[in-house]
Amino acid sequence: LMGEHVLELMVKALGRADTLEVTQTVTLSTAEIPPAPATLSETVRIRFPVDFRADGAGDGYQRRILISGGQVLRAVNGVIQEGTPPRYARYADIMMVKPRSALADHLRAMGVDVSVSSLGRLEDRYGYVVGARFPDENAAQLWVEKDTFLPMRLLLPPAAMSSGEGPVEIRYRNWTFMDGLAYPMHIVLWQNHQIKEEIRVDRLQVNPVFSSDLFDFAALRQAWSRPAAVPNEPAPYQPEGDVPGVIESEKKN
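Residues numbered from 1 in each chain as written. Predicted model: local features only at pLDDT ≥ 70, side-chain atom pairs only at ≥ 80, totals over all residues. Heavy atoms only, no water.

Caption draft 1: Inspection of the overall build of the protein at higher detail. When its secondary structure is counted, the protein shows 4 helices and 14 strands. Looking at the protein as a whole, 50% of its 253 residues qualify as buried. Contacts in the protein between residues far apart in sequence, at least 24 positions, make up 54% of those at least 6 positions apart. Surface exposure of the protein reaches about 12300 Å², of which carbon and sulfur atoms provide 51%. (Helix = DSSP H or I, 4+ residues; strand = E, 2+ residues; numbered from the N terminus. Buried < 20%, exposed > 50% of the residue type's maximum accessible area, 1.4 Å probe, protein only. Contact = heavy atoms within 4.5 Å. Areas by Shrake-Rupley, 256 points an atom, 1.4 Å probe, with all protein chains shown as cover.)

Encoded structure:
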């Protein structure tokens, strides 16, 4: 199949929603610089197609990230982090950006040649490789599972502007479906051939109602730069109104 046709089928397979809230456990690499703990309890809130916010905490440590309107804001323990975040931190982008034309533009910006496609095999799964001729792993590429048309792998070569960063790889596993939306319950983030973070989803809420200030970039930049006592786990978000759909994983994979 042609690359853009694969992307069209992928967008359809992912489904649609207005908002999504994800409660997850993030295991950090042992190479992380202290004082980061081994695991974080994290809440991710997404307003499709471009707004993403993650609030994580654990053992006196807190990190936050907001991606909105082309801007990125990060804070760790009340200190704003300047500079570009690791590319793997934007693992949700390919699941958020729609329609197909916008997704194709987004992939091109990451260096993926969407006019190129091939069929490849990863472990025991077959997928369409958009951006490369299998088994070439030197080019930026997105793998889409052959039967389900759900993303299975995003591979990006070393960034030209980030010396020493090495290649980035993101693997999406154990997809689940709820209220017309697909989401991976297990995500592994690699950089320079080492696992940096491993995400296991505990709970999904489809189409919760978010407050208007949840993605307010200017207000959050000021709020996040004020150090405060950090609880061991983030307080649960209480949406306004009813939550149309909720799913919790019954087992850890």
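Now that the structure has been shown, the text picks up again.
Caption draft 2: Region of interest: the packing of aromatic side chains. The final tally for this structure, using the stated rule, is 5 aromatic pairs. Taking 5.8 Å as the distance between ring centres and 80 degrees as the angle between the ring planes, the aromatic pair formed by Phe134 and Trp143 counts as edge-to-face. Classification of Phe134 by relative accessible area gives partly exposed; the value is 38%. Summarising the aromatic geometry, the rings of Phe210 and Phe215 are spaced 6.1 Å apart at their centres and angled 65 degrees between planes, so their arrangement reads as edge-to-face. Accessibility classification places Phe210 together with Phe215 in one group, the buried group. A cation over an aromatic ring shows up here: Lys98 above the ring of Phe48, its NZ or CZ 5.3 Å from the ring centre. Geometry around Trp143 places Arg153 over its ring, the cationic atom sitting 5.1 Å from the centre. (Phe/Tyr/Trp six-rings, centres within 6.5 Å; stacked < 30°, edge-to-face > 60°. Lys NZ or Arg CZ within 6 Å of the ring centre and 35° of its normal.)

Caption draft 3: Structural detail: the nonpolar core. Within the largest apolar cluster, 56 residues are counted, with the highest numbers of intra-cluster contacts made by Leu20, Phe52, Tyr91, Ile170 and Tyr172. Here this core gets 6 residues from one element, more than from any other, and that element is strand E12 (residues 181-191). Beyond its immediate chain neighbours, meaning those up to four positions away, Phe52 contacts Val44, Arg45, Ile46, Ile65, Leu66, Ile67, Tyr91, Ala92, Met96 and Phe215. The next biggest cluster of nonpolar side chains, apart from the first, holds 10 residues, and it includes Leu66, Leu73, Phe210 and Phe215. (Core = buried A, V, L, I, M, F, W, Y, C linked by side-chain atoms within 4.5 Å.)

Caption draft 4: Spotlight on the pairing of strand E1 (residues 19-28). Burial of E1 is extensive: 7 of the 10 residues sit out of reach of the surface. Pairing of E1 with strand E2 (residues 39-47), which is carried by 9 bridges, proceeds in the antiparallel orientation. For Leu20, the partnering residue across the bridge sits in E2 and is Ile46. Two strands pair when backbone bridges link them, and E1 and strand E13 (residues 194-206) are joined in this way by 9 bridges, in the antiparallel orientation. Residue pairing for E13: Val26 is matched across the bridge by Ile199. (Pairing = 2+ DSSP bridges.)

Caption draft 5: Here's a closer look at the environment of Arg121. With respect to the secondary-structure elements, Arg121 resides in strand E7 (residues 117-122). Linking Arg121 and Glu145, residues 24 residues apart in sequence, is a C-alpha distance of 9.5 Å. If we skip the residues at most four places from it in the chain, Arg121 touches Tyr126, Phe134 and Trp143. A polar side-chain atom of Arg121 sits 3.0 Å from the main-chain carbonyl oxygen of Glu123. Here Tyr126 takes part through its side chain, which lies 3.5 Å from a polar atom of the side chain of Arg121. (Polar contact = N/O pair within 3.5 Å; in protein donor to acceptor, adjacent residues only side chain to side chain.)

Caption draft 6: The side chain of Glu145, seen in detail. With respect to the helices, strands and loops of the structure, Glu145 is situated in strand E9 (residues 141-145). It is Arg125 that comes nearest to the buried, bridge-free Glu145 among opposite-charge side chains, at 6.2 Å. One polar contact links the side chain of Glu145 to the main-chain amide nitrogen of Thr148, over a distance of 2.6 Å. In this structure, Glu145 is in contact with Tyr126, Gly127, Leu150 and Met152, ignoring residues within four places of it in sequence. (Lys, Arg positive; Asp, Glu negative; His and termini not counted. Salt bridge = Lys/Arg side-chain N within 4 Å of Asp/Glu carboxyl O.)

Caption draft 7: The arrangement of helix H4 (residues 217-224) in detail. Residues Phe217, Leu220 and Trp224 constitute the buried set of H4. Along the long axis of H4, the arc covered by the buried residues comes to 65 degrees, so they all point the same way. In this structure, H4 carries Ala218 and Gln222 as exposed residues pointing more than 90 degrees from its buried face. Packing partners of the buried residues in H4 comprise strand E3 (51-58), strand E4 (61-68), strand E5 (71-76) and strand E6 (79-80). (Arc of directions from axis to C-beta.)

Caption draft 8: Geometry of the environment of Leu28. Among the secondary structure elements, Leu28 is positioned in strand E1. C-alpha separation for the pair Leu28 and Glu197, spaced 169 residues apart in sequence, amounts to 4.7 Å. Discounting chain neighbours no more than four positions away, the residues touching Leu28 are Ala36, Pro37, Ala38, Leu40, Arg63, Lys196 and Glu197.

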